[in-house]
Amino acid sequence: MEILDDFDRFKHTLGETIMLYQFMENDLKLIYAGMLSGDYSKNIEHVRSTFKGLGQVILALEELDNCDGNPYFSRETYALLNKLARQRNFYCHQCCMDFCYDPYFRESVEFQDALQSLTRTNTTLKTIQAETEKHRVAILTKFNRI
């Protein structure tokens, strides 16, 4: 069994974290498509061509979800989803910038802090993504999409 050093763990955890964000984004797109009236397959095509990021789909879903005054998700849930979208952008575009140009980054405080923060985010995101998946199934069932 191969033992991973801290940088290998960082790369693995970062990849898994981004993958979890992708699953969550896709689940939210499917939820949005399921809540729209009309043909579900066409709705999915529309959603995938219209919304290019997690933040966009969250804003659109919140608007659609609240249009009848009886939202499925709470205001707090949307606040959490928006926070996660900002975190996703950080992990996709910024998280390595604090240490990547230091040739001795493995020993740096910045790298160790980034690894710890990423590990905490990953653990939290696993739980949230699993909940998002449960909501996808419940909502699509409610709207007779599955």
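Residues numbered from 1 in each chain as written. Predicted model: local features only at pLDDT ≥ 70, side-chain atom pairs only at ≥ 80, totals over all residues. Heavy atoms only, no water.

Undergrad: Tell me about the pattern of salt bridges, and please be specific about residues and values.
TA: Tallied over the entire structure, the rule returns eight salt bridges. Glu131 is the salt-bridge partner of Lys134, the closest N and O atoms lying 3.5 Å from each other. Taken together, the positions of Lys134 and Glu131, both in helix α5 (residues 109-142) and three residues apart, correspond to about one turn of that helix. Using a relative accessible area of 37% as the deciding quantity, one classes Glu131 as partly exposed. (Salt bridge = Lys/Arg side-chain N within 4 Å of Asp/Glu carboxyl O. Helix = DSSP H or I, 4+ residues; strand = E, 2+ residues; numbered from the N terminus. Buried < 20%, exposed > 50% of the residue type's maximum accessible area, 1.4 Å probe, protein only.)

Undergrad: Tell me about the packing of aromatic side chains, and name the residues and values.
TA: Counted by the stated rule, this structure contains 11 aromatic pairs. Look at Phe10 and Phe111: their rings are 5.7 Å apart centre to centre, the planes differ by 50 degrees, and that puts the pair in the tilted class. Linking Phe10 in helix α1 (residues 6-35) with Phe111 in helix α5, this pair joins segments that are 101 residues apart in sequence. Phe111 shares its class with Phe10; the two are buried. For the pair Tyr32 and Phe51, a centre-to-centre distance of 5.2 Å together with 85 degrees between the ring planes defines the contact as edge-to-face. Of the two residues, Tyr32 is situated in helix α1 and Phe51 in the loop between α2 (40-50) and α3 (54-66); the sequence distance between them amounts to 19 residues. Neither Tyr32 nor Phe51 differs from the other in exposure class; each is buried. Here a set of aromatic residues connected by ring pairs shows up, and it is made of Phe7, Phe10, Phe99, Phe105 and Phe111. (Phe/Tyr/Trp six-rings, centres within 6.5 Å; stacked < 30°, edge-to-face > 60°.)

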